[in-house]
Amino acid sequence: ELALDGLLDRRDGGEEVTLTLRAMEGGLVAELGPFSGQLRADFDAEPLAQEFDALTAEMDDPAEIFASSVRMTVRMAKTHPQIAKIIQRTGMRYINAPDGLAPRALRDLQRARDAGRFVIGDPAVALACTGGAVLGVLALTTGNPKPKAIDAAAEELAANLLRMFGLPDAEAREIARRALPKP
């Protein structure tokens, strides 16, 4: 993260160095400079998804698990700002990825539906709605990195998604305000 952050501001020979991010099977590839291959770095969301799984493992309510994961993803704008920017810029390419955040969100949506917590038809469409909303809020929060604004946006998004998937307003807001698990 620090190396990528430093590279984003690097100048080479008085000219701006370009950083190109490309989504490829298995991760994100970053290329620095006028010649491809000068720098290659893969972004793998699987460790992050595993961390979210571990943090929500003690939760019983699938709606709370879903909302917590949404909130933790948006809060990356303050906890892991460079990763949040990468996800915000390339995230929709990973909507059908076999690992990482998207399959976890799909699993959580299906569990909440099966438990009668969410009213959704096609979980893949619900995942696309979730992904688009998360990316939109990440675009807002990475441009306004004030911690309280990020937390408020994460809670508002989680409440909005919970309502969209069938929870009453008061319950959605209560779930979206619950304390997040600590790493």
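Throughout what follows, the structure given in this document is the object of discussion. The structure presented is a predicted model; accordingly, all values stated were derived computationally and were not measured. (Residues numbered from 1 in each chain as written. Predicted model: local features only at pLDDT ≥ 70, side-chain atom pairs only at ≥ 80, totals over all residues. Heavy atoms only, no water.)

### As for the overall build of the chain
Helix and strand content of the chain: eight helices and five strands. A total of 183 residues make up the chain; the buried ones form 41% of that total. Put simply, 59% of the contacts in the chain that link residues at least 6 apart link residues at least 24 apart. When the accessible surface of the chain is summed, it comes to about 9900 Å², and 53% of that surface belongs to carbon and sulfur atoms. (Helix = DSSP H or I, 4+ residues; strand = E, 2+ residues; numbered from the N terminus. Buried < 20%, exposed > 50% of the residue type's maximum accessible area, 1.4 Å probe, protein only. Contact = heavy atoms within 4.5 Å. Areas by Shrake-Rupley, 256 points an atom, 1.4 Å probe, with all protein chains shown as cover.)

### Description of the packing of helix 3 (residues 62-79) against helix 6 (residues 123-143)
For any two helices packed against each other, the geometry is given by the interaxial angle and the distance between the axes. Across the interface, helix 3 lies against helix 6 with an axial gap of 8 Å and an inter-helix angle of 30°. The angle between the axes of helix 3 and helix 6 places the two elements in the roughly parallel class. For the crossing formed where helix 3 meets helix 6, the hand is right-handed. Residues Phe66, Val70, Thr73, Val74 and Ala77 of helix 3 lie in contact with helix 6, whose contacting residues are Thr130, Val134, Val137, Leu138, Thr141 and Thr142. (Axes fitted to C-alpha atoms, helices over the stretch in contact; angles between N-to-C directions. Parallel < 35°, antiparallel > 145°, perpendicular 65-115°, else oblique. Left-handed = near helix turned anticlockwise from the far one by under 90°.)

### Digging into the packing of aromatic side chains
One pass over the structure, following the stated rule, counts three aromatic pairs. A centroid spacing of 5.5 Å and a plane angle of 85° characterise the contact between Phe66 and Phe118, whose relative ring orientation is edge-to-face. One end of the pair, Phe66, is in helix 3; the other, Phe118, is in the loop between helix 5 (101-114) and helix 6, and 52 residues separate them in sequence. For the pair shown, Phe66 and Phe118 are each scored as buried. For the ring pair Phe66 and Phe165, a centre distance of 5.8 Å and an interplane angle of 70° mean the geometry is edge-to-face. Of this pair, Phe66 sits in helix 3 while Phe165 is found in the loop between helix 7 (147-164) and helix 8 (169-176), placing the two residues 99 residues apart along the sequence. On the accessibility criterion, Phe66 (2% relative accessible area) is buried. Judged by its relative accessible area of 3%, Phe165 is buried. Every member of this aromatic cluster is reached through a ring pair, and the members are Phe66, Phe118 and Phe165. (Phe/Tyr/Trp six-rings, centres within 6.5 Å; stacked < 30°, edge-to-face > 60°.)

### Brief notes about the side chain of Thr142
Inspection of the secondary structure assignment puts Thr142 in helix 6. Residue contacts for Thr142: discarding those within four places in its chain leaves Ala77, Ala84, Lys85 and Gln88.

### Overview of the nonpolar core
In this structure, Phe66, Leu109, Phe118, Leu162 and Phe165 are the most contacted members of the largest nonpolar core, which totals 38 residues. Per-element tally for this core: the top contributor is helix 3, with eight residues. Among all residues touching Leu162, those that are not within four sequence positions of it are Ala63, Phe66, Ala67, Phe118, Leu167, Ala172, Ile175 and Ala176. (Core = buried A, V, L, I, M, F, W, Y, C linked by side-chain atoms within 4.5 Å.)

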